[in-house]
Amino acid sequence: MVVKIDMNIPPRFFDSAHKSNDFESVSEKVAKAFISQILGEKDVIKGNPDRHEPDYLSGSRGFEVTFAIESSLVPQLKGVRDLEKSRFSIEDALVSDVLAAARRKSEKTYSCVPSLFIITMSPLFTWFYPFYIKTNYLTEKTWSAMTKKRDILFDELYSTYIDSKAFENILIVLPTHDEHFILFDVHAFGSYKEVDFMKRIGVNNPKIFPTCKTTYVDYGNLPVVYEITIIRYTEDSNI
């Protein structure tokens, strides 16, 4: 099964925070929007690193935000280097990037126990297929088998970082293939596997978020492989 996807990269998404943007980069503003709009947190403010505060605060709660993106992919997303055209499976890279992000952020000292909010650029359909595929007894076995690596990852994140109180929770966002997002709640997964631990989220203006849109699907044998084209919106792209 081959899926061709356009990946939208907002303008200046990878620019660092500096004086001209009030020391809050585009990616940080996107992260703040996720926290306020998706998590429903009120009065979200930027934390003070000099006081070891996490990236954002909402009352007594803290949120450390990071992107789980393979370092070799960043120059391609920024347009410095052309995106490689070969087909690829993204699951192993996603697992590795999420683990690396959690490990890196856990090594910091915080003024409170924050939740870790991980934003990915990986539209891995097999991780959230229940929102799009109607299965029966036989096909459910096949599809559910493809979430094994996801479940192992979430168990490891829970036992390593949530049980140990390094983080209050770990929340992971994946873009879907239709300009939405899936929010995974690792605490809910690890503590109460019988409850819903993932939600499908929509946004009002997809162009200001790193979103994906499917342009072609060749239905065939599993596994699912992806061909991704980067769409870099400019400042005047009606955002």
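Residues numbered from 1 in each chain as written. Predicted model: local features only at pLDDT ≥ 70, side-chain atom pairs only at ≥ 80, totals over all residues. Heavy atoms only, no water.

(A) Spatial organisation of the nonpolar core. Residues Phe34, Trp127, Phe154, Leu157, Ile170, Ile172 and Phe184 are the most contacted members of the largest nonpolar core, which totals 66 residues. Leaving out residues up to four positions away in the same chain, phenylalanine 154 has contacts with Trp127, Ile172, Phe184, Val186, Phe189 and Phe197. (Core = buried A, V, L, I, M, F, W, Y, C linked by side-chain atoms within 4.5 Å. Buried < 20%, exposed > 50% of the residue type's maximum accessible area, 1.4 Å probe, protein only. Contact = heavy atoms within 4.5 Å.)

(B) Looking closely at the side chain of asparagine 169. Its location among the elements puts asparagine 169 in the loop between helix H5 (148–162) and strand E6 (170–175). A relative accessible area of 9% places asparagine 169 in the buried class. A distance of 3.0 Å separates polar atoms of two side chains, one belonging to asparagine 169 and the other to aspartate 185. (Helix = DSSP H or I, 4+ residues; strand = E, 2+ residues; numbered from the N terminus. Polar contact = N/O pair within 3.5 Å; in protein donor to acceptor, adjacent residues only side chain to side chain.)

(C) Structural view of the packing of aromatic side chains. Under the definition given, this model contains 16 aromatic pairs. Seen from their ring centres, phenylalanine 34 and phenylalanine 181 are 5.1 Å apart, and the 90 degrees between their planes marks the pair as edge-to-face. On the criterion of sequence distance, the pair formed by phenylalanine 34 in helix H1 (residues 26–38) and phenylalanine 181 in strand E7 (residues 181–185) is long-range, its members being 147 residues apart. On the basis of relative accessible area, phenylalanine 181 is assigned to the buried category, the value being 1%. The rings of Phe125, Phe128, Tyr129, Tyr132 and Trp143 are connected pair by pair, giving a single aromatic cluster. Over the face of the ring belonging to tyrosine 216 we find lysine 4, whose NZ or CZ atom lies 5.2 Å from the ring centre. Just above the ring of tyrosine 56 sits the side chain of lysine 46; from NZ or CZ to the centre is 5.6 Å. (Phe/Tyr/Trp six-rings, centres within 6.5 Å; stacked < 30°, edge-to-face > 60°. Lys NZ or Arg CZ within 6 Å of the ring centre and 35° of its normal.)

(D) Region of the structure containing the packing of helix H3 (residues 91–106) against H5. Running from N to C, H3 and H5 point in directions that differ by 5 degrees, and their axes come no closer than 11 Å. Taken together, H3 and H5 sit at an angle that is classed as roughly parallel. Contacts between H3 and H5 involve Glu91, Asp92, Val95, Val98, Leu99, Ala102, Arg103 and Ser106 from the former and Lys149, Arg150, Leu153, Glu156, Leu157 and Tyr161 from the latter. Of the residues that constitute the contact of H3 with H5, the class distribution is seven nonpolar, one polar and six charged. (Axes fitted to C-alpha atoms, helices over the stretch in contact; angles between N-to-C directions. Parallel < 35°, antiparallel > 145°, perpendicular 65-115°, else oblique. Nonpolar A, V, L, I, M, F, W, Y, C, P; charged D, E, K, R; others polar.)

(E) Region of interest: the environment of valine 186. Tracing the backbone through its elements, the reader meets valine 186 in helix H6 (residues 186–191). Through-space distance from the C-alpha of valine 186 to that of tyrosine 158 is 6.4 Å; in sequence the pair is 28 residues apart. Residues in contact with valine 186, not counting those within four places in the same chain, are Phe154, Leu157, Tyr158, Ile162, Asn169, Ile170 and Ile172.

(F) Spatial organisation of the sheet that holds strand E2 (residues 45–46). On the basis of which strands lie adjacent, the open sheet formed by seven strands has the order E2-E3-E4-E5-E6-E7-E8 and mixed pairing. Looking at strand neighbours, the two that pair on one side only are E2 and strand E8 (198–201), the edges of this open sheet. Contacts from H5 reach E6, E7 and E8 within the one sheet, and its direction differs from that of E6 by about 150 degrees. (Pairing = 2+ DSSP bridges.)

(G) Up close: the pattern of salt bridges. Going through the model one piece at a time under the given rule, you end up with eight salt bridges. Close ionic contact of glutamate 53 with arginine 51 constitutes a salt bridge, the shortest N to O distance being 3.2 Å. The class for glutamate 53 is buried, based on a relative accessible area of 17%. What makes arginine 51 exposed here is its relative accessible area of 54%. One salt bridge in this structure joins lysine 105 and glutamate 64, with 2.9 Å as the shortest N-O distance. With a gap of 41 residues between them, lysine 105 in helix H3 and glutamate 64 in strand E4 (residues 61–68) connect regions that are remote in the sequence. (Salt bridge = Lys/Arg side-chain N within 4 Å of Asp/Glu carboxyl O.)

Distances and angles like these do not, on their own, reveal function.
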